Amino acid sequence: MRRLFPLPAPPAPTPETGKAEVAAVGPVDRPWTPAELAEAYAYPAADDPVRAGRPGWLRANMVSSLDGAAHHEGRSQPLSGDADMRIFGVLRALADAVVVGAETVRKEGYRPARAREVFAARRAAAGQGPAPAIAVVTAGLELDFTLPLFTEPVVPTLVLTGGGAPADRVTAARAAGAEVLFAGEGVGVDPARVAGVLAERGHTRLLTEGGPRLLGQFAADDALDEMCLSLAPVVAVGGAPRIMNGPAVPVPERFALASVLEEDGFLFTRYRRS
């Protein structure tokens, strides 16, 4: 893996010669440790000015083909690769909660996030539990509560829904051990309220893995703080949606480029709200 942006600053002149030492400042391709990746993707500090007035920090992690497909035949795995999966694991390891839409849970066969020993000390120092909670966004709670996501989580799975959700499904979710949180007054979730509701549970470092419809709703409601986009060196064609599929915004919101990494032709970009 190599860093393409930002590059290190050129070496400063030495006091003895007044000239800069000759040094390679270009990208160096080498294996990165989990700790190095964790530093590269660290969440902004609570006092970072860009976080002012926001209850938490919601970053998205998505993969796209060169022609803009968010998945191939309903699943993102065909677009992924080894480096993409390593970054996927690091982003989960840094998060308090992983926010995901119910349809993505069903299509991707979501399982509980696992505790990873390599990140145990880092999570403990940050006051985090052994693994992030999975927070499923759903209106009708049409979920299979016998799946491992609900029966075998390291920490209880969260279900985010609206106050008007079907009472019998809310009862079934709670009976399965899930914690039901209400983030809206109607049947469904108000995306702008998700970060605040999760922050009340101590979850301020948030990661969403989509799908495209949920991510589009977050973006349209100005709830998205950061976009981690993996650009895969493949062409998928077909009718797959792009990574966001939601209502149009009056004026496109501009994000600032924070970093670009590369490995095996994949580009791993990171953009933050300006």
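For the structure given in this document, a descriptive report is provided here. (Residues numbered from 1 in each chain as written. Predicted model: local features only at pLDDT ≥ 70, side-chain atom pairs only at ≥ 80, totals over all residues. Heavy atoms only, no water.)

**Description of the overall build of the protein chain**
Along the protein chain, the regular secondary structure elements total eight helices and 10 strands. Over its C-alpha trace the protein chain gives a radius of gyration of 20 Å, about what one expects of a compact globule, namely 19 Å for 274 residues. Overall size of the protein chain, expressed as C-alpha extent along the three principal axes, is 75 × 45 × 40 Å. Sorting the 274 residues of the protein chain into buried and exposed places 44% on the buried side. Contacts in the protein chain between residues at least 24 apart in sequence constitute 69% of all its contacts with a sequence separation of at least 6. With an accessible surface of roughly 13,500 Å², the protein chain has 56% of that area assigned to carbon and sulfur atoms. Between the mean site of the 28 positive side-chain charges and the mean site of the 32 negative ones, the protein chain shows a separation of 1 Å. (Helix = DSSP H or I, 4+ residues; strand = E, 2+ residues; numbered from the N terminus. Rg over C-alpha atoms; globule rule 2.2 N^0.38 Å. Buried < 20%, exposed > 50% of the residue type's maximum accessible area, 1.4 Å probe, protein only. Contact = heavy atoms within 4.5 Å. Areas by Shrake-Rupley, 256 points an atom, 1.4 Å probe, with all protein chains shown as cover. Lys, Arg positive; Asp, Glu negative; His and termini not counted. Charge placed at Lys NZ, Arg CZ, Asp CG, Glu CD.)

**Overview of helix α2 (residues 82-94)**
Turn by turn, an α-helix covers 3.6 residues, leaving residues three or four places apart pointing in a common direction. In a regular helix each residue adds 1.5 Å, so 13 residues correspond to 18 Å; α2 covers 19 Å between its end C-alpha atoms and thus fits that length. Every buried residue of α2 is accounted for by A83, D84, I87, G89, V90, L91, R92, A93 and L94. (Expected span 1.5 Å × (residues − 1).)

**Things to note about helix α8 (residues 212-220)**
Of all the positions in α8, only P212, L214, L215, G216 and F218 are classed as buried. Looking at the buried residues of α8, the elements they touch are β2 (57-64), β3 (97-101), β4 (133-137), α7 (191-199), β7 (205-208) and β8 (226-231). The positive-phi residue at the C-terminal boundary of α8 is D222, with phi of around 60°.

**Notes on the pattern of salt bridges**
A side chain with one charge can pair with a side chain of the opposite charge if their charged atoms come near. For the coordinates displayed, the defined rule picks out 18 salt bridges. Put simply, E152 and R111 hold a salt bridge, and the shortest N to O gap is 3.8 Å. With E152 in the loop between α5 (148-151) and β5 (158-161) and R111 in the loop between α3 (102-108) and α4 (120-125), this pair connects stretches of sequence that are 41 residues apart. When salt bridges with common partners are traced through the structure, they connect R54, D222, D225, E253 and R273 into a single cluster. (Salt bridge = Lys/Arg side-chain N within 4 Å of Asp/Glu carboxyl O.)

**Regarding the sheet that holds β5**
Read across the sheet, 10 strands follow the order β1-β9-β10-β8-β2-β7-β3-β4-β5-β6 without closing on themselves; strand pairing throughout is mixed. Two strands lie at the open edges of the sheet, namely β1 (2-5) and β6 (179-182), each paired on one side alone. Within the sheet, the average angular offset between the axes of one strand and its neighbour, ignoring direction, is 25°. Sheet analysis places β5 next to β6, joined by four bridges and oriented parallel. By the bridge assignment for β6, T161 is matched with F182. Packed onto the sheet, α2 meets β2, β3, β4, β7, β8, β9 (255-263) and β10 (266-273) and runs at close to 165° relative to β2. (Pairing = 2+ DSSP bridges. Axes fitted to C-alpha atoms, helices over the stretch in contact; angles between N-to-C directions.)

**Digging into the nonpolar core**
Counting 47 residues, the largest nonpolar core has M1, L37, Y41, I134, V136 and F268 as the members making the most contacts within it. In terms of nonpolar packing, the next biggest core, distinct from the first, is built from 26 residues, A97, V99, V189 and I243 among them. (Core = buried A, V, L, I, M, F, W, Y, C linked by side-chain atoms within 4.5 Å.)

**Remarks on the pairing of β8**
Of the pairings in the sheet, the one linking β2 to β8 comprises six bridges and is parallel in character. By the bridge assignment, V63 is partnered in β8 with S230. Relative to β10, β8 runs antiparallel, the two sharing six bridges. Residue pairing across strands places C228 opposite R270, the latter belonging to β10.

**Things to note about the side chain of N61**
Here N61 shows up in strand β2. N61 gets classed as buried once you look at its relative accessible area, which sits at 8%. Not counting residues up to four positions away in its chain, the partners in contact with N61 are F88, L91, L207, T208, E209, C228 and S230.

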